[in-house]
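# Chain and residue survey
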Amino acid sequence: MEKTSIHGMWSSRLAFILAATGSAVGLGNIWRFPYLASDNGGGAFVLVYLACIFVVGLPVLIAEILLGRHGRRSPINTLLDLTRETGAAKAWAGIGWIGIIAGVLILSFYSVVGGWTLHYAWLYLMQLFGGAPISDPGATFSALLADPVELSLWHAAFMLVTVGVVALGVEKGLERAVSFLMPALFLMLLLLVGYGATTGYLGQAAAFLFQPDWSKVSGGVFVAALGQAFFTLSLGMCTMMTYGAYLPKNVSIPKTGAVVAVADTGVALLAGLAIFPIVIAFGIDPAGGGPGLIFTSLPLAFNAMSMGVVYGLLFFGLLFVAAWTSSISLLEPATAYMVERGRTSRRKAALTMAGVCWLLGLASVLSLNLLSHVRLLDRDIMGLIELVANELMLPLGGLLIALFTGWALKESILREQLKGMSPVLFTLWRWLVRVIAPLLVLAVLLNVLL
Ligand code: PHE
């Protein structure tokens, strides 16, 4: 019997593609990917990353969407239903708990960084109307990080726009938001790549991004690349499972998943091609930029170029929109679960979960200033939350999702959800989720733990 979702449904395949791409494209693509590439040897990192996306990421993405569409409920309940249907151990539903907890942890610091993007977009907007320029970008960034009140307020503003969308529901909130935000995002990105091309340094940027230097490939590069593949595709925390629960029945999951993976990768590469020409053109070394690459190096370049304020606004507007459509997808799984538990409306559930994430985010805020001396395993509090969520919980969630789909689920469910996939691709996909992806993820997890 075909199940229906009580949360609503995407009205079309395109709506799902926009929402899932909106989830995937975020700070991971525009903020994290360029500095990871710059820190890990450019082209060599990019090649390992591409391999991780298509060998591990895409198969797990397909698995998550199919689990969601079969169960049509929030991750924990979907998994519980599936274990009942297939006679598997109930403990598999733990995947849903890992997902929801990881989502809350990630949203807590994601929203803090989302607040920075909002703050910078605001600074450039004000400059258009005669506000003070960012004359010393390094000092501006340090001053922001040093001020807990200012950080908490921008973090709150970011959380408010996020909850505003989620509270309105799947069709009236999520779908409506992504259908104008995603086209705006692509337009802003293309304008910035266009500008990058006029600097005359596009070739040099492409060489930096695509010319592999194999001497730089180490275990660490592999760990960083696989971790980034999970983070950027929003995998391992049941976001894509939740979005899959709202996917209409006749849409092809493999094809749609491939579109999302390609779009996400395309945006990361284009973001590199927008950022590095500007960085190189203004004499800044693209290698080893670190997390501050975007917030300190780029404003230097915007100061030096004509119409820099407009490009600054475009760039931070782009970053904000990308972060926004991702944070929506971080809040949705926990909200859907609370609604299913009953006695709460979607509005109250979304507000409660956002409140929890905001409060937890204060720990990250304080770790940037008053509590910056608190360190464990060589990391501050924000770094620790990131470590636990991104580097441990996402790969662990992904590993379990692959194993559950590959080994525990009834084959008839797989065949029904992947109807239309060619037999060769189906077999290939099955071996990837059964053996290859789990082994690779396990290797990375051990590398992080040991
Ligand atoms: N994919 C998002 C990004 O690249 C982050 C994210 C992770 C969103 C996990 C949802 C779930 O920024």
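Just above, that's the structure.
Before going into details, it helps to say that this report is about the structure given with it. (Residues numbered from 1 in each chain as written. Predicted model: local features only at pLDDT ≥ 70, side-chain atom pairs only at ≥ 80, totals over all residues. Heavy atoms only, no water.)

### Structural notes on the environment of Thr 86
Going by this rule: Numbered from the N terminus, helices here are DSSP runs of H or I no shorter than four residues, and strands are runs of E no shorter than two. Contact between two residues is taken to exist if any of their heavy atoms lie within 4.5 Å; hydrogens are not considered. The definition of a polar contact used here is a pair of N or O atoms within 3.5 Å, where within protein one atom must be able to donate a hydrogen and the other to accept one, and adjacent residues in sequence count solely through side-chain atom pairs.
Inspection of the secondary structure puts Thr 86 in helix H4 (residues 75-86). With 251 residues separating them in the primary sequence, Thr 86 and Tyr 337 have C-alpha atoms 22 Å apart. Other than its neighbours up to four places away in sequence, Thr 86 contacts Ala 408, Leu 409, Lys 410 and Ile 413. Within the structure, Thr 86 has its side chain in polar contact with the backbone oxygen of Leu 82 (distance 2.6 Å).

### A closer look at helix H2 (residues 27-39)
The following threshold applies: Multiplying 1.5 Å by the residue count of a helix minus one yields the expected span of that helix. The bend at a residue is defined as the angle formed between two axes, one fitted to the seven residues ending at that residue and one fitted to the seven starting there. Per-residue accessibility, obtained with a 1.4 Å probe over protein chains only, is compared with the maximum for each type, and a residue is labelled buried under 20%, exposed over 50%, and partly exposed between these values.
If you check H2, its first and last C-alpha atoms are 17 Å apart, about what 13 residues at 1.5 Å a residue would give, namely 18 Å. At Phe 33, H2 is bent by approximately 35°, the largest bend along its length, and proline Pro 34 sits one to four residues beyond. The buried fraction of H2 is high, at 12 of 13 residues. Within the sequence span of H2, burial applies to Leu 27, Gly 28, Asn 29, Ile 30, Trp 31, Arg 32, Phe 33, Pro 34, Tyr 35, Leu 36, Ala 37 and Ser 38. Within two residues after H2, Gly 41 carries a phi angle of roughly 90°, on the positive side.

### A short note on the site of the ligand
For the record, the criterion: Working definition: residue near molecule or strand if any one of its non-hydrogen atoms lies within 4 Å of it. Only the protein chains shown count as covering a residue, and every accessible area follows the Shrake-Rupley method with a 1.4 Å probe. Throughout, the ten residues Ala, Val, Leu, Ile, Met, Phe, Trp, Tyr, Cys and Pro are labelled nonpolar, Asp, Glu, Lys and Arg are labelled charged, and all others, Gly among them, are labelled polar.
Within the structure, the ligand sits among 15 residues, and Ala 24, Gly 28, Tyr 110, Phe 231 and Ser 234 are positioned closest to it. Contact distances for the ligand include 3.1 Å between an oxygen atom and a backbone N or O atom of Leu 27. Bound to the protein, the ligand loses 100% of the 330 Å² it would expose on its own. Contributions of two or more residues to the shell around the ligand are made by helix H1 (13-24), H2, helix H10 (219-232) and helix H14 (308-341). Taken together, the residues of the shell around the ligand sort by class into 6 nonpolar, 9 polar and no charged.

### Quick word on the nonpolar core
Heads up, the condition is: Buried residues of nine kinds, namely Ala, Val, Leu, Ile, Met, Phe, Trp, Tyr and Cys, make up a nonpolar core once their side-chain atoms join them within 4.5 Å.
Counting 166 residues, the largest nonpolar core has Phe 45, Trp 116, Ile 294, Phe 315, Phe 316 and Trp 429 as its most contacted members. Each residue touching Trp 429, except ones within four places of it in the same chain, is listed here: Pro 59, Ile 62, Ala 63, Leu 66, Thr 405, Leu 414, Leu 418 and Met 421.

### As for the pattern of salt bridges
How we decide: For salt bridges, the criterion is a side-chain nitrogen of Lys or Arg within 4 Å of an Asp or Glu carboxyl oxygen.
All told, the structure shown has 8 salt bridges when counted by the stated rule. We note a salt bridge from Glu 85 to Lys 3, for which the minimum N-O separation is 2.9 Å. A residue pair is termed long-range when its members are at least 10 positions apart, and Glu 85 in helix H4 and Lys 3 in the segment before H1 qualify at 82 residues. Exposure remark for Lys 3: the relative accessible area of 23% places this residue in the partly exposed category. As a salt-bridge pair, Glu 386 and Arg 32 come within 4.0 Å of each other at their nearest N and O atoms. Of the two residues, Glu 386 sits in helix H16 (residues 381-408) while Arg 32 sits in helix H2, which places them 354 residues apart along the sequence. In this pair, the class of Glu 386 matches that of Arg 32, namely buried.

### A word on the packing of aromatic side chains
The following threshold applies: Two rings from Phe, Tyr or Trp (for Trp, the six-membered ring) form a pair when their centres sit within 6.5 Å of each other. Planes less than 30 degrees apart are called stacked, planes more than 60 degrees apart edge-to-face, and all others tilted. Whether a charge sits over a ring depends on NZ of Lys or CZ of Arg being within 6 Å of the ring centre and within 35 degrees of the ring normal.
The full count for this structure, using the stated rule, is 26 aromatic pairs. Plain terms: the ring middles of Trp 31 and Trp 116 are 6.4 Å apart, the flat faces sit at 80° to each other, and that makes the pair edge-to-face. Residue Trp 31 is located in helix H2, and its partner Trp 116 is located in helix H5 (residues 94-128); the two are separated by 85 residues in the primary sequence. Across the pair, Trp 116 and Trp 31 agree in class, each one buried. Relative to Phe 316, the ring of Tyr 120 lies with its centre 5.0 Å away and its plane at 35°, an arrangement referred to as tilted. Remark: Phe 316 occurs in helix H14 and Tyr 120 occurs in helix H5; sequence separation between them is 196 residues. Like Phe 316, Tyr 120 is buried. What links up through ring pairs into an aromatic cluster is the set Trp 31, Tyr 35, Trp 116, Tyr 120, Tyr 124, Phe 141, Phe 295, Phe 302, Phe 315 and Phe 316. Its end group placed over the ring of Trp 431, Arg 434 keeps NZ or CZ at 5.7 Å from the ring centre.

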